[in-house]
Amino acid sequence: MKDNRRNFIKKGASVAALLSIGGVSTVAATSSSGLYNGKNTISSKRAGREIDYIKDAGMKMCLAYFAGPDPQRIAFAKEMGVHGAVAGVSPEMVKMNGANGWEYNVIKAVKEAWDKLGLTLTVIEGPPSLNTQTKLGLPGRDEEIANFITFMKNISRVGIDTVCYNWMPLIGWARTNKAFPVRGGALDMSFDIEDAKKDPITQYGKITHDDMWKNLAYFLNAVVPEAEKYGIKLSMHPDDPPVDEIQGIPRIMTSVAAFKKMIDMHPSPSNTITWDGTFGEMGDEGKQEDVVAAAEYFGKKKAISFVHFRNVRGYKDHFHETFVDNGQMDMQGIMQKLYDTGFKGPIRPDHVPTMYGDKSGFPGYTNLGALFAVGYIRGLMDGCRGTTLVK
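Residue indices begin from 1 for each chain and proceed along its sequence in written order. Residue-level local features of this predicted model are given only where pLDDT is at least 70; pairs of side-chain atoms are given and counted only at 80 or more, and the full residue set underlies all totals for whole chains, interfaces and linings. The side-chain values count all of the structure's non-hydrogen atoms but skip hydrogen atoms and water molecules.

Engineer: Looking at this structure, how should I read the pairing of strand β10 (residues 233-236)?
Structural biologist: If a strand is regular, its side chains alternate between the two faces of the sheet. Across 4 bridges, strand β7 (residues 162-165) lies against β10 in parallel orientation. Residue pairing for β10: Y165 is matched across the bridge by M236. Pairing analysis gives 3 bridges linking β10 to strand β13 (residues 271-275), with the strands arranged parallel. Of the residues in β13, the one forming a bridge with S235 is T272. Only strands that DSSP links by at least two bridges are regarded as paired with each other. The numbering of helices and of strands both runs from the N terminus, where a helix is a DSSP run of H or I of at least 4 residues and a strand a run of E of at least 2.

Written as structure tokens, this is what we have:
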């Protein structure tokens, strides 16, 4: 019975995804038994009970705009009713070239620019003034940290409360193939540790994992009390790929145990995590993490402040990304745990395939793949019955 229910949920999610690609808004859906009231709810009768439909299970659906405000992506987002934007702070976007991204006038101008586009800048992903000096413990880190604290203060002034950051100096998320064929000939990304080993050691030489943990502790001790003061959630992204090192730079945020350690280092509502598909890459072959149990654990601790929703096949040394409905992770199980533990924060599709006819200039963030993912995610939300409340 449980398997039949799960198959039904997954089929429903795929139908929702197809409707999304067809341009049908799942927000404004109506039926003979319900009426959309323009306020993200639908009053309805089901089995003699009155139901209120709540959009996206109360979560904040977003899209990422790392290539800037792409007109097609914005149009699709509005048609789907996805009004949250995830981006960095770009002075160039508001013609303030040379200004610093942590300055209030820049942040205010960027926030207002997104407002004028009809979107709400909800999460800053890739914050300014958190770079190599801080992560490697080099001279200049105290200045970086001071500017980061100023940044938190200033985003709080414009109503932004979530910052997605990572502890990957020099080399961020890495892939060795950005045109890996997946279902139907769509192209996605893959990673192979043997190919990555061909790259040279960086100019910083070999660094220890212990050094990286000490640098993270220094940062958290300095910024978490300030984040609490300004109501900011610092949302740590996993190291992607979650391997031991790349080019001599250690990776420490590579397991569920590592995230538990980070949270315990400085317990606080401001010291949180980004739930990401990287959790599905963690571990050796045949010994991957239990992602559903991990989502439940961090959800119960109210430690998840932001979600990147994507699927993978493989393990830390050899994996590829794929359509959100076609990987090894139990996406319905993850969504159920997010809902059951009361997650109401921002959530976005992540690293989608490049589909036929789509622009391929920014692998992982193409528009048609995002349409499919949004529809599927909403189908899972409905399948969890997270969109309904019985009065």
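Engineer: Would you explain the pattern of salt bridges in this entry?
Structural biologist: Once their charged atoms are close, side chains differing in charge can pair, the charge on each being opposite to the other. Definition used for salt bridges: Asp or Glu carboxyl oxygen within 4 Å of a side-chain nitrogen of Lys or Arg. Scanning the entire structure with this criterion turns up 24 salt bridges. Note that R348 is salt-bridged to E125, the shortest N-O span being 3.1 Å. Highlighted residues: R348 in strand β17 (residues 346-349) and E125 in strand β6 (residues 120-125), separated in sequence by 223 residues. Per residue, the accessibility class of R348 equals that of E125, and both read buried. Among the ionic pairs, E245 bridges to K206, the shortest N-O distance being 2.8 Å. One end of the pair, E245, is in strand β11 (residues 245-246); the other, K206, is in the loop between α6 (193-196) and α7 (209-230), and 39 residues separate them in sequence. It is possible to trace a salt-bridge network through shared partners that takes in E125, R175, D240, D276, E281, R310, E321, R348 and D350. Note on exposure labels: buried denotes an accessible area under 20% of the residue type's maximum, exposed denotes more than 50%, and partly exposed covers the range between, all computed with a 1.4 Å probe on protein chains only.

Engineer: Can you help me understand the sheet that holds β17 in this one?
Structural biologist: Remark on secondary structure: sheet strands pair via backbone hydrogen bonds, oriented parallel or antiparallel. Taken together, the 8 strands give a closed barrel; going around it, the order is β4-β5-β6-β7-β10-β13-β14-β17, and neighbouring strands pair in parallel fashion. The sheet shows a mean angle of 30° between the axes of neighbouring strands, taken without regard to direction. Strands in contact with helix α9 (residues 291-300) are β13 and β14 (304-309); relative to β13, the strand with the most contacts, it is inclined by about 150°. A fitted line through C-alpha atoms represents every axis, and for helices the fit uses only the stretch in contact; the resulting angles, taken between N-to-C directions, go from 0 to 180 degrees. Contact between two residues is taken to exist if any of their heavy atoms lie within 4.5 Å; hydrogens are not considered.

Engineer: How do you make sense of the side chain of E144 when you look at a structure like this?
Structural biologist: Looking at the element boundaries, E144 is found in helix α5 (residues 141-157). His is not counted here, nor are the chain ends, while Lys and Arg score as positive and Asp and Glu score as negative. K135 provides the closest opposite charge to the buried, unpaired E144, separated from it by 8.2 Å. Polar side-chain contacts of E144 include one of 2.5 Å to the side chain of T134. As used in this structure description, the phrase polar contact means that two N or O atoms lie within 3.5 Å; if the pair is within protein, one of them must be able to donate a hydrogen and the other to accept it, and residues adjacent in sequence are counted only when both atoms belong to side chains.

Engineer: What am I meant to see in the packing of aromatic side chains here?
Structural biologist: Put simply, two rings from Phe, Tyr or Trp (the six-membered ring, in Trp's case) pair if the centres are within 6.5 Å, and we call them stacked under 30 degrees between planes, edge-to-face over 60, tilted for the rest. Counted according to the given criterion, the structure contains 14 aromatic pairs. Measuring from ring centre to ring centre gives 5.6 Å for F148 and F151, while their planes differ by 50°; the resulting arrangement is tilted. Highlighted residues: F148 and F151, both in helix α5, separated by 3 residues, approximately one helical turn. When its relative accessible area of 0% is taken as the criterion, F148 is described as buried. Ring centres of Y165 and F219 lie 5.7 Å apart, and the angle between their planes is 50°; this geometry places the pair in the tilted category. With Y165 in strand β7 and F219 in helix α7, this residue pair connects regions lying 54 residues apart in the sequence. Look at F219 and you get buried, because its relative accessible area is 0%. Here the aromatic residues F148, F151, Y165, W167 and F219 are joined through ring pairs into a cluster of three or more. Geometrically, a charge over a ring is one whose NZ (Lys) or CZ (Arg) sits within 6 Å of the ring centre while staying within 35 degrees of the ring normal. If you follow R183 out to its NZ or CZ, it ends over the ring of F323, 4.4 Å from the centre.

In short, geometric facts, not functional conclusions.
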